Protein chains: 2
Amino acid sequence: MLTKRQLADFLHKKGYKATPQRLAVYEYLTRTHAHPTAEMLYAQLRHEYPSMSFSTVYKTMGILHELNLVKVINTGEESFRYDADTSRHQHIQCTECGRVEDLYLDLDGIRLEAGRKSRYEVRAQELYFYGVCPECKKEA
Amino acid sequence: MLTKRQLADFLHKKGYKATPQRLAVYEYLTRTHAHPTAEMLYAQLRHEYPSMSFSTVYKTMGILHELNLVKVINTGEESFRYDADTSRHQHIQCTECGRVEDLYLDLDGIRLEAGRKSRYEVRAQELYFYGVCPECKKEA
DNA sequence: CTCTCTGCAAAATTTTTGCACTGCT
DNA sequence: AGCAGTGCAAAAATTTTGCAGAGAG
């Protein structure tokens, strides 16, 4: 999680310009826990930047992902979601309301076993859980 | 993994017709370990059924998935892949050659912990590993 | 002042849908 | 024979790309 200024410096160091749009996209991502899709980002950022385009959202996400500043979340929905928390963590999605929440589990043991069994050199992993969130349980 | 006849009976029991296309799609899936996409399925099945269409592949996968006869694999590529092995297992993808292989790990402990921490009623999980397969390691 | 970036519109991809004809039961 | 299913083409939906003008360094 970088501050606006830290992000600007980092972009410059990597040869990218620190445009207001890029800073706004990243800042919004650091502020929300909603794990938004490109569409949600676009809808929100339009308020501050009425001229904001999908193009810019997607291109910005491409750069942020390349620089390892965002995680791409792929729960199997139509669209990708994004998360500014790049620490090793997992996600759980409610099958009723669709919300996505963070989860912090230690998968070191599982990853080692996966490497041993598969003989792959394991470099990354993604773990998604699906179920019913406490609020949707109440309603049922 | 059902035989052709078992699948035909199962489809009938569920009110679906056992068309040659459906049987061929499922049979091909049970024979391969390549975890094919709809496009790969279409390309292969065309040989036996020159008139086979994408429409039929997708509609068939929809039914097979609904009947829990196939797993949908979502490694974050452009397309979904499919697996006729519906037992609880995981997948690992080579980041060099793209192949997807099966992996059988016990995630009961992790799933329980996820339920405890999130307070969700956890119903399912998907775990993907990414790394370099033994063959691609040799080449490097 | 230069060169990257934005924003628009068009393109590319994957998946879904409508509909007339086919063929399973 | 009746009705679900196939296959074609068109539609939907998400993401990518080309390009002219805007703006960051």
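These remarks concern the structure in this document. Here the structure is a predicted model, which means the values were calculated and not measured.

Right, let's talk about the overall build of chain A for a bit. Across its full length, chain A carries 6 helices and 5 strands. Walking chain A from its N terminus toward its C terminus, one meets helices and strands in the order α-α-α-α-β-β-β-β-α-β-α. In terms of overall dimensions, chain A has a C-alpha envelope of 45 × 45 × 25 Å along the principal axes. In chain A, which comprises 140 residues, the share counted as buried stands at 43%.

All right, on to the protein's contact with DNA strand D then. Taken together, 21 residues surround DNA strand D, and among them H12(A), S55(A), Y58(A), R22(B) and S51(B) come closest. Here A18(A) contributes a backbone N or O atom positioned 3.2 Å from a phosphate oxygen of DNA strand D. One of the side-chain N or O atoms of Q21(B) is found 2.9 Å from a sugar or linking oxygen in DNA strand D. Contributing elements (two or more residues each) for the surface near DNA strand D: α4 (54–66) of chain A together with α2 (20–31) and α4 (54–66) of chain B. Looking at the surface near DNA strand D residue by residue, the classes come out as 6 nonpolar, 9 polar and 6 charged.

A separate point is the protein's contact with DNA strand C. Lining the immediate environment of DNA strand C, one finds 21 residues, of which S51(A), S55(A), H12(B), S55(B) and Y58(B) sit closest. Of all DNA strand C atoms lying within 4 Å of any protein atom, the proportion belonging to sugar or phosphate reaches 71%. Between DNA strand C and S55(B) there is a distance of 2.6 Å, counted from a base oxygen to a side-chain nitrogen or oxygen. Measuring from a base oxygen of DNA strand C, one finds a side-chain N or O atom of K59(B) at 3.4 Å. Every element with two or more residues in the surface near DNA strand C is listed here: α2 (20–31) and α4 of chain A together with α4 of chain B. Split by residue class, the surface near DNA strand C holds 6 nonpolar, 9 polar and 6 charged.

Turning our attention to unusual backbone geometry. Residues and elements named next belong to chain B. At N68, a position not held by glycine, the phi torsion is positive, near 60°. Relative to the helices and strands, N68 is located in the loop between α4 and β1 (71–73). One non-glycine residue, R119, lies in the positive phi region at around 65°. Mapped onto the secondary structure, R119 falls in the loop between α5 (108–118) and β5 (121–132).

Our next topic: the sheet that holds strand β3 (residues 90–94) of chain B. Taken in spatial order, the 6 strands of this open sheet run β4(A)-β3(A)-β5(A)-β5(B)-β3(B)-β4(B), and their pairing is mixed. The sheet terminates laterally at β4 (100–103) of chain A together with β4 (100–103) of chain B, the two strands that pair on one side only. Along the sheet, successive strands turn relative to each other by an average axial angle of 25°, direction set aside. Bridge analysis of strand β3 (residues 90–94) of chain A against strand β5 (residues 121–132) of chain A gives 4 bridges, and the strand direction is parallel. Looking at β5(A), one finds that H91(A) is bridged to Y128(A).

Frequently, the measure chosen for interface size is the accessible area that the parts lose on association. With 37 residues of chain A in contact, the opposing surface of chain B contributes 37 residues. Taking both sides of the interface into account, the surface hidden between chain A and chain B amounts to around 3,000 Å²; carbon and sulfur atoms contribute 65%. On the chain A side of the interface with chain B, the three residues burying the most area are I110(A), Y120(A) and Y130(A), jointly 22% of the side's total. The interface formed by chain A and chain B includes 0 salt bridges. Taken together, the connections running from chain A to chain B amount to 15 residue pairs in polar contact (both at pLDDT 80 or more).

About the cut-offs
- Residues numbered from 1 in each chain as written.
- Chains lettered and ligands numbered in written order.
- Predicted model: local features only at pLDDT ≥ 70, side-chain atom pairs only at ≥ 80, totals over all residues.
- Heavy atoms only, no water.
- Helix = DSSP H or I, 4+ residues; strand = E, 2+ residues; numbered from the N terminus.
- Buried < 20%, exposed > 50% of the residue type's maximum accessible area, 1.4 Å probe, protein only.
- Near = heavy atom within 4 Å.
- Polar contact = N/O pair within 3.5 Å; in protein donor to acceptor, adjacent residues only side chain to side chain.
- Nonpolar A, V, L, I, M, F, W, Y, C, P; charged D, E, K, R; others polar.
- Pairing = 2+ DSSP bridges.
- Axes fitted to C-alpha atoms, helices over the stretch in contact; angles between N-to-C directions.
- Contact = heavy atoms within 4.5 Å.
- Buried area = accessible area lost by both parts, 1.4 Å probe.
- Salt bridge = Lys/Arg side-chain N within 4 Å of Asp/Glu carboxyl O.

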